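Residue-level listing of the chains:
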Amino acid sequence: MKKSVLMVILIVVALLVSGCSEKELNASAEKPTVVIGSKLFQESYILAHIAALMLEDAGYETDVVEGLGGTFVNYEALKKDEINTYVEYTGTAYSQILKKPPLEVWDPEVVYTETEKGLKETDKIIVVSTLGFEDAYAIAVKEDWAEANNVTKISDLNKHASQMTIGTDPEFATREDGLPRIKDVYGIEFKDYKQAVATVMYEAIKIDDVDAISAYTTDTRNEVFNLRVLQDDQNSLPPYDAMYIMTEEFATNNPDAVAALKKLDGRIDTDTMRSLNYKFDVEKMEPRDIAREFLIKEGLIEA
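Here the structure is a predicted model, which is why all the values come from computation and not from measurement.

A.B. asks: Explain the overall build of the protein to me, please; I cannot follow it from the model alone.
C.D. replies: Within the protein one finds 14 helices and 10 strands. Over its C-alpha atoms, taken along the principal directions, the protein stretches across nearly 85 × 40 × 25 Å. Look at the contacts in the protein between residues 6 or more apart in sequence, and 76% of them connect residues 24 or more apart. Surface accessibility of the protein: about 14700 Å² in total, with carbon and sulfur atoms responsible for 51%.

So this is what it looks like as structure tokens:
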């Protein structure tokens, strides 16, 4: 027993003498590889790598699965411990995962509170960080068409939608808080819809393959492609505040991982997220490089 203790002391001393820092010693301690999921669009890739770099700074190995799938693919993977965290949005969790009915008036605080409570009670999943921005769904059309037809809000589409094809991401066309909700609230039904990943969806309206799209409000392609995001004048769509979620068990077993992600609370506002997306869409930077540049600039990791 004394020999074992002496051996441990000698190893630690040898590491210190060789120049290992306390941080490196902590990193060498047994920590699991954190697997980070993402959805099928640029913002999700970037946020996955932001999480990865924060976790690596806390001594974890990470594995980022870019484009793992949509909401339910990521959520089921989280529940099964196939991934350990990903960014979800309050409105999506509220309406799609928890299947809660729409509020008469959408209140972001109520949606967040009900979502946080529901995820924990239903699946023992907790919110570990709220990032500080909302990426909401919206309907967008080309600016020149909107100008010619005096269209500024969704209700203005009443006399046009029956002749229009809308492009959507893989979920919006059929999920309850998407086109079905638009139809219920506005009485609007498009002639047809085409589903695709976000990049293809945006390219489709650029080349006039579709007449409208289910745009993301933080997406810089709205400006780059000269699109007009229509006002949701009857408040049909819920708030979508971004948050990292994690199973309660993984969080309990890995408090350092929770602490690392909590440092991101409120650190990314809407303009910042839009600028990060711009770097991906226009400047063609890699998601990990975008994430690293942002975190260094914010002083959250060292260069």
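A.B. asks: Explain the packing of aromatic side chains here, please?
C.D. replies: Here the distance between the centres and the angle between the planes together describe a pair of aromatic rings. One pass over the full model with this rule turns up eight aromatic pairs. Geometrically, the ring pair formed by Y137 and F172 is tilted, given 4.6 Å between the ring centres and 45° between the ring planes. Taken together, the positions of Y137 in strand β5 (residues 137–142) and F172 in the loop between β6 (165–168) and α8 (179–186) put the pair 35 residues apart, joining distant regions of the chain. Each member of the pair, Y137 together with F172, is buried. With centroids separated by 5.8 Å and ring planes inclined at 50°, the aromatic side chains of Y137 and Y216 adopt a geometry described as tilted.

A.B. asks: What should I look at first to understand the pattern of salt bridges in this one?
C.D. replies: For side chains of opposite charge, pairing can occur when their charged atoms come near one another. Taken as a whole and judged by the stated rule, the model has 20 salt bridges. The salt bridge partner of K79 is E76, with a shortest N-O separation of 3.2 Å. Remark: E76 and K79 occur in helix α4 (residues 71–79); sequence separation between them is three residues, near one turn of the helix. The closest approach of N and O atoms between D219 and R221, which form a salt bridge, is 2.7 Å. Its relative accessible area of 1% is what places D219 among the buried residues. Among the residues examined, R221 registers a relative accessible area of 7% and is labelled buried. Look at the salt bridges and you will find they share partners, linking E76, K79 and D123 into a network.

A.B. asks: I'm lost on the packing of α4 against helix α5 (residues 90–97) in this one. Help?
C.D. replies: Each pair of packed helices can be summarised by the angle the axes make with each other and by the distance between the axes. Between α4 and α5, the shortest axis-to-axis distance is 12 Å and the interhelical angle comes to 85°. Taken together, the axes of α4 and α5 are roughly perpendicular relative to one another. Within the contact between the two elements, α4 uses T71, F72 and Y75 and α5 uses T92, Q96 and I97. Looking at the contact of α4 with α5, its residues break down into three nonpolar, three polar and no charged.

A.B. asks: Honestly, a nonpolar patch on the surface in this entry has me stumped. Any pointers?
C.D. replies: On the surface, a cluster of nonpolar side chains totalling about 230 Å² of accessible area is made up of V224, Y278 and V282. Tracing the backbone through its elements, the reader meets V282 in the loop between α13 (270–281) and α14 (287–297). Note on V282: relative accessible area 35%, which makes it partly exposed.

A.B. asks: What is the right way to look at the environment of L264 in this model?
C.D. replies: Inspection of the secondary structure puts L264 in the loop between α12 (255–262) and α13. Residues in contact with L264, not counting those within four places in the same chain, are I50, M54, S129, T130, L131, Y244, L295 and L300.

A.B. asks: Help me understand the sheet that holds strand β4 (residues 125–134), please; the structure alone is not making it clear to me.
C.D. replies: In a beta sheet, neighbouring strands are held together by backbone hydrogen bonds and run either parallel or antiparallel to one another. Spatial ordering of the open sheet is given by β3-β10-β4, a layout of three strands whose pairing is antiparallel. Each end of this open sheet is capped by a strand with a single partner; those strands are β3 (86–89) and β4. For this sheet, the mean inter-axis angle between neighbouring strands, taken without regard to orientation, is 35°.

A.B. asks: In this structure, what is going on with helix α3 (residues 42–57)? I would like to understand it.
C.D. replies: Taking 1.5 Å per residue as the helical rise, α3 with its 16 residues ought to reach 22 Å, and the 23 Å between its terminal C-alpha atoms agrees with that figure. Immediately downstream of α3, the backbone of G59 shows phi near 100°, a positive value.

A.B. asks: Would you take a moment to explain the pairing of strand β2 (residues 62–65) for this structure?
C.D. replies: Walk down a regular strand and you will see the side chains alternate between the two sheet faces. Burial of β2 is one-sided: the residues T62 and V64 facing one way are buried, the residues D63 and V65 facing the other way are not. As judged from the four bridges shared by strand β1 (residues 34–37) and β2, these two strands associate in the parallel manner. Paired with V34 across the strands is T62, a residue of β2.

Conventions and cut-offs
Residues numbered from 1 in each chain as written. Predicted model: local features only at pLDDT ≥ 70, side-chain atom pairs only at ≥ 80, totals over all residues. Heavy atoms only, no water. Helix = DSSP H or I, 4+ residues; strand = E, 2+ residues; numbered from the N terminus. Contact = heavy atoms within 4.5 Å. Areas by Shrake-Rupley, 256 points an atom, 1.4 Å probe, with all protein chains shown as cover. Phe/Tyr/Trp six-rings, centres within 6.5 Å; stacked < 30°, edge-to-face > 60°. Buried < 20%, exposed > 50% of the residue type's maximum accessible area, 1.4 Å probe, protein only. Salt bridge = Lys/Arg side-chain N within 4 Å of Asp/Glu carboxyl O. Axes fitted to C-alpha atoms, helices over the stretch in contact; angles between N-to-C directions. Parallel < 35°, antiparallel > 145°, perpendicular 65-115°, else oblique. Nonpolar A, V, L, I, M, F, W, Y, C, P; charged D, E, K, R; others polar. Patch = residues over 30% accessible without salt bridge, like charges linked within 9 Å, V, L, I, M, F, W, Y side chains within 5 Å. Pairing = 2+ DSSP bridges. Expected span 1.5 Å × (residues − 1).

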